[in-house]
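A structural walkthrough
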Amino acid sequence: MTMNVHAETIAAIATAAGAGGVGIIRLSGSAAPAMARTLLGRSPRPRHAHYCTFTEKDGSVLDRGLIIHFPAPHSFTGEDVVELQAHGSPVILRCLLARVIELGARQARPGEFSERAFLNGKIDLVQAEAIADLIASGSQAAARAAVRSLDGEFSARVRALAEAVVRLRVWIEAAIDFPEEEIDFLATPQLLEDLVATCDRLDDLLAASRRGVRLADGLHVVIVGRPNAGKSSLLNALAASDRAIVTDLPGTTRDLLRETIDLDGIGMTLVDTAGLRDSLDVVEIEGMRRARDELARADLAVLVSTDAQLERDLPLLADLPATTTRLIVHNKIDLAGSAPRQAEIDGLAHIWLSARSGAGLDLLMAALRKAAGYTEDNQGAFSARTRHVDAIERARQHLHAALRALREQRAGELAAEELRQVQHALGEITGTFSSEDLLGRIFADFCIG
Ligand code: GDP
């Protein structure tokens with residue numbers, strides 16, 4: 001991509017720490033070095049920290065700090081970048097910003113630095129989004145995942161897949177172009193094997209991206225069960241962990257939603273399913289509507305029950321959307337004197353625990369963390385967005401269509417066209433193919449950067 005050296009110089013307060021902390025004004029654009037020269041009184045050496053007295057136009061002193069010049073193209077945006085480090089007081093930073101605006105800069109829009117970095121080929125779209133996700137990350141795990149995306153781990157996997165798709169397309173197109181060849185290239189088992197292997201890799205990427213979205217967005221867990229099952233006790237036991245933040249949700253006295261906790265990025269809402277099925281009371285109907293909305297939005301529904309009542313309670317999960325993961329908690333094991341354990345029965349995860357004694361809570365926590373996308377020490381987790389998941393799903397549909405076209409009809413042209421669509425969908429993720437509309441939406445979402 002070409003360098004945009006004539007870009008108008010933009011300025012932004014990058015960091016505004018409290019009084020005594022450091023505040024940074026960043027400039028990006030071709031006029032930035034001249035502005036640095038005016039402030040410093042001479043040309044700054046590249047990547048060298050110069051001690052500088054920042055002055056107003058009339059010579060009065062604003063602050064003393066550092067000036068660093070990162071010449072194009074070796075900077076974050078790929079343009080000339082100048083950083084002014086001053087004291088972190090908001091007043092000083094505003095004055096300094098006004099000073100550089102007076103020198104010809106204009107205040108950057110949210111996300112404009114990242115946008116320029118993208119347009120100048122310094123980062124791809126996934127990395128730009130990872131910057132926004134890093135700034136907004138609500139948990140340490142989410143922050144680490146965003147850093148991995150920023151480092152390009154996600155992009156590298158998308159690119160590798162796109163390259164594999166291109167190789168397949170070239171193969172198929174060559175076979176179409178030379179139909180008189182004696183060997184039918186479209187019928188070679190290797191081609192189908194490679195296609196199937198690519199499908200598997202795409203499935204892995206899809207699963208990893210879904211985990212990445214959950215990591216970035218936080219997992220929405222809803223705890224359901226009949227009155228007295230022990231839902232509040234369970235939530236309180238989880239909230240007792242020092243990683244939980246407890247918030248009370250306002251509502252009517254008979255509101256079915258009671259409270260929400262945030263457990264290291266996992267948001268949990270309690271839904272009492274009392275009367276979830278058959279009430280005529282207006283307030284209760286409203287509560288039920290909210291409960292159902294809450295359930296419909298859940299990534300994971302935890303049904304709290306007991307061994308004796310499970311059969312009666314299972315229908316409480318019946319109305320959930322197919323995509324919602326379900327987990328069954330058999331509470332009150334202390335009454336029976338049994339030990340905590342977990343098992344998978346008919347594809348459903350079951351955990352036996354006691355909310356009162358705390359036995360088995362660690363099993364539940366591990367299951368929640370797994371559902372939230374946390375892996376053991378979070379190796380390989382990266383942040384992702386719904387936009388990425390949608391694109392990968394689209395790519396997957398086209399890839400399967402290509403496979404069908406070849407396997408069932410030996411329709412090379414159709415398969416090649418489907419593969420082109422796969423390539424396009426994958427390219428949308430990293431920004432190889434992108435519309436102005438999409439870029440506008442992505443960068444407008446930045447709060448800073
Ligand atoms: P909720 O209506 O589902 O929120 O249920 P609560 O959390 O209010 O619990 C109902 C009753 O069951 C309370 O008296 C709790 O002390 C009790 N309870 C909850 N969990 C346990 C448990 O693990 N063991 C025992 N023995 N009692 C429990």
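Refer to the structure printed above.
For the structure given in this document, a descriptive report is provided here. Everything quoted here is computed from the prediction, not taken from an experiment. (Residues numbered from 1 in each chain as written. Predicted model: local features only at pLDDT ≥ 70, side-chain atom pairs only at ≥ 80, totals over all residues. Heavy atoms only, no water.)

Some remarks on the nonpolar core
The condition is simple: Only buried residues count toward a nonpolar core, which is a set of Ala, Val, Leu, Ile, Met, Phe, Trp, Tyr and Cys residues joined through side-chain atoms within 4.5 Å. Categorising residues by exposure relies on relative accessible area from a 1.4 Å probe, with only protein chains included: less than 20% of the type maximum marks a residue as buried, more than 50% marks it as exposed, and the intermediate range marks it as partly exposed. Secondary structure elements follow DSSP: runs of H or I of four or more residues count as helices, runs of E of two or more count as strands, with numbering from the N terminus. Any two residues whose heavy atoms approach within 4.5 Å are treated as being in contact.
The biggest cluster of nonpolar side chains holds 37 residues, and the ones touching the most others in it are Phe-154, Ile-172, Leu-419, Leu-426 and Ile-429. Listing elements by their share of this core, those giving two or more residues are helix 6 (153–177), helix 7 (189–217), helix 13 (386–409) and helix 14 (412–430). Not counting the four nearest positions on each side in its chain, Leu-419 is found in contact with Val-165, Leu-168, Arg-169, Ile-172, Leu-195, Leu-399 and Ala-402. Grouped together as the second largest cluster of nonpolar side chains are 27 residues, Val-221, Val-304, Leu-353 and Ala-372 included.

With respect to unusual backbone geometry
For residues that are not glycine, phi is negative in most cases, and the peptide bond is trans in most cases. Cis rather than trans, the peptide bond between Ala-72 and Pro-73 has omega equal to 0 degrees. Along the chain, the position of Pro-73 falls in the loop between strand 4 (61–70) and strand 5 (81–87). You will see that Lys-332, though not glycine, has its phi angle at about 65 degrees, which is positive. Structurally, Lys-332 is set in the loop between strand 12 (325–330) and helix 11 (333–336).

Regarding the pattern of salt bridges
Selection rule: For this document, the term salt bridge refers to a Lys or Arg side-chain nitrogen within 4 Å of an Asp or Glu carboxyl oxygen.
Under the criterion given, the structure shown has 18 salt bridges. The shortest N-O distance in the salt bridge between Glu-129 and Arg-385 comes to 3.8 Å. A residue pair is termed long-range when its members are at least 10 positions apart, and Glu-129 in helix 4 (residues 125–136) and Arg-385 in the loop between helix 12 (361–371) and helix 13 qualify at 256 residues. Arg-312 is the salt-bridge partner of Asp-313, the closest N and O atoms lying 3.4 Å from each other. Salt bridges sharing partners connect three or more residues here, namely Glu-79, Arg-106, Arg-109, Glu-112, Glu-115 and Arg-116.

Details of helix 15 (residues 436–444)
Put simply, the rule reads: What the arc measures is the spread of directions leading from the helix axis to the C-beta atoms.
Inspection of helix 15 places Leu-438, Leu-439, Ile-442 and Phe-443 among the buried residues, and these make up the whole buried set. Looking straight down helix 15, one finds its buried side chains confined to an arc of 120 degrees; they lie on one side. Among the exposed residues of helix 15, those oriented more than 90 degrees off its buried face are Glu-436, Asp-437, Arg-441 and Ala-444. Check the buried side of helix 15 and you find it contacts helix 3 (112–119), helix 4 and helix 13.

A short note on the environment of Pro-33
On the secondary structure map, Pro-33 appears in helix 1 (residues 32–40). Pro-33 sits 48 residues away from Val-81 along the chain, and the two C-alpha atoms are 7.7 Å apart.

Considerations on the pairing of strand 11 (residues 300–305)
Here is the key point about a regular strand: its side chains alternate between the two faces of the sheet. The cut-off we apply is this: Two strands qualify as a pair provided DSSP detects at least 2 bridges between them.
In terms of burial, strand 11 is largely enclosed, as six of its six residues are buried. Side chains Leu-300, Val-302 and Val-304 of strand 11 all project onto a buried face; the interleaved residues Ala-301, Leu-303 and Ser-305 project onto the opposite face, where all are buried too. The pairing of strand 7 (residues 219–224) with strand 11 spans four bridges and is parallel. By the bridge assignment for strand 11, Ile-223 is matched with Val-302. Looking at chain direction, strand 11 and strand 12 are connected through six bridges and run parallel.

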